[in-house]
Amino acid sequence: MKNKTFSYSLLIFIHVIIAVVIFVIPFLSKLYALLIALAGTIIIVKSKNKNNEVLFVSAYLVGAEVFLRMTGGNFNNEYAKFCVIGFMFLGMIYSNFSKSAFIYLFFFTLLIPSILITANYQDTGTDIKKVLFFNLSGPVCLAICSIYSFGRKITLDNLQKLLLVMGFPIISTTVYLFLYTPNIQDVVMGTQSNFETSGGFGPNQVSTILGLGIFIFFTQVILFSKNKIELLINGGLLVFISYRGIVTFSRGGIITGVVMIICLLFLLYYFSNGKGRSKFTVVFVLTIALGMGIWIYSSFQTRGLIEKRYANKDSLGREKKDRLGGREQIMDADIALFIDNPIFGVGAGLSKEKRADQLGVAIASHNEVTRLFSEHGLMGIFALLIIGVTPFVFYIENKQHLYFLSFYFFWLLTINHAAMRTAAPAFVYALSLLFVQVKIPEKAEN
């Protein structure tokens, strides 16, 4: 047990050092990104994916993506998605996949008509290849990850190890944010999303990955802390990540993390016996107390501005006209485009350009749902129904998957406020399709 605790602490320390080194020498971020891809490929090939190494390698890259982006490590915006897709293909070569997973191939087939519309779009000012890559990399990543994961067996312990692998680079992200802005009070002046507290990168994406980190280390605290030392380490990481996530002033990722925790607590309570439920009450009370403590400290550090942010008020306490940071206008424009082009939509990736006629400026959609409507029409609605319903159909025979609701709602909420800019929603959605066993059934004796 001591060796395991030491190894765990060492891995955390290594990722703290990674953050410090890259903060001092930013160029090393590209080397880090390249190393993840090369090492991941070698691990999968050498092991022939006997123990689902593909999932672990992909999880690490997904956890590191935002860190790589904010430090200039990504070779392009879709680097993590392309690498994850490549890992998944390798995994399927070695480990095959379920025939039932072809439902996700059909999902992507529904998007093809609007792709053809874009491919034939006549406008010399539009980079068609770039538009298609930007808007389709997310759905493609989701489809490929889902095909690989569908019905694939994994124990709860291994699933938690997978989450931890994803969590280690999130520690690096959080440490980097601290190094970038150690004193929050110096940079928080209003209630808008804050780039200074987000490492100079998009607060929306930073809060999304930190929200996922909150969930990961919360599960470590309540389910997998084997001794007091691990409990203190995991509790400290939970507090640190939660605080830095809140002060990004981007609400979407933090609210998503809280919803994930509520979903987990609900399933734990539902499947517990009488004795388990009595212990659950203690866990619930402690969770509320910890959350209030983090919130009070965050409010103190931001001079009360964070409370106004979540109450949708400006720094003077006045109610803001829009509740979603201007996204309502984009969503309304998407719906209008769908009404005008109901069957196949305006074409994959073209809604940004078409919205310019309505709003006077070309703005990318933050909402994957309305984007599917406007760009893919009815085909997009059918595609959304497939990916929205399939996990629940599969869950009927997969009741031991304690994280199912948490993973599903991470995907659903994230695509509504941050679209599919990163690989995280696609990959985490695919994790909801794993066949989880709390204990491996013993073989029957002859």
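Residues numbered from 1 in each chain as written. Predicted model: local features only at pLDDT ≥ 70, side-chain atom pairs only at ≥ 80, totals over all residues. Heavy atoms only, no water.

Participant: Could you give me a rundown of the pattern of salt bridges, with the residues and numbers involved?
Facilitator: Pairs may arise between side chains of opposite charge once their charged atoms sit close together. Using the criterion set out here, one finds four salt bridges in the structure. Between Glu-78 and Lys-81 there is a salt bridge, with the nearest N and O atoms lying 3.1 Å from each other. We note that Glu-78, like Lys-81, is buried. Its salt-bridge partner being Glu-375, residue Arg-371 comes within 2.3 Å of it at the nearest N-O pair. Of this pair, Arg-371 and Glu-375 both sit in helix H16 (residues 368-395), four residues apart, roughly one helical turn. By relative accessible area, which is 4% here, Arg-371 ends up buried. Linked by salt bridges that have partners in common, Glu-368, Arg-371 and Glu-375 make up one network. (Salt bridge = Lys/Arg side-chain N within 4 Å of Asp/Glu carboxyl O. Buried < 20%, exposed > 50% of the residue type's maximum accessible area, 1.4 Å probe, protein only. Helix = DSSP H or I, 4+ residues; strand = E, 2+ residues; numbered from the N terminus.)

Participant: Could you give an account of the packing of helix H4 (residues 79-95) against helix H7 (residues 128-149), naming the residues involved and the relevant values?
Facilitator: Put simply, H4 and H7 touch, their axes get as near as 9 Å, and they point 25° apart. Between H4 and H7, the interaxial angle falls into the category roughly parallel. Crossing of H4 over H7 shows left-handed handedness. Residue-level inspection shows Lys-81, Phe-82, Val-84, Ile-85, Met-88, Phe-89, Gly-91 and Met-92 of H4 in contact with H7, the latter providing Phe-133, Ser-137, Gly-138, Val-140, Cys-141, Ile-144, Cys-145, Ile-147 and Tyr-148. (Axes fitted to C-alpha atoms, helices over the stretch in contact; angles between N-to-C directions. Parallel < 35°, antiparallel > 145°, perpendicular 65-115°, else oblique. Left-handed = near helix turned anticlockwise from the far one by under 90°. Contact = heavy atoms within 4.5 Å.)

Participant: Describe unusual backbone geometry, and please don't skip the residues or the numbers.
Facilitator: If a residue is not glycine, its phi is most likely negative; likewise, a peptide bond is most likely trans. Not every positive phi belongs to a glycine, and Asn-49 is a case in point at roughly 55°. In this fold, Asn-49 is placed in the loop between helix H2 (28-47) and helix H3 (53-70). Judged by relative accessible area, which is 3%, Asn-49 ranks as buried. Positioned with a positive phi, Asn-96 is a non-glycine residue whose angle comes to about 60°. Position of Asn-96 relative to the elements: it lies in the loop between H4 and helix H5 (103-109). Look at Asn-96 and you get partly exposed, because its relative accessible area is 49%.

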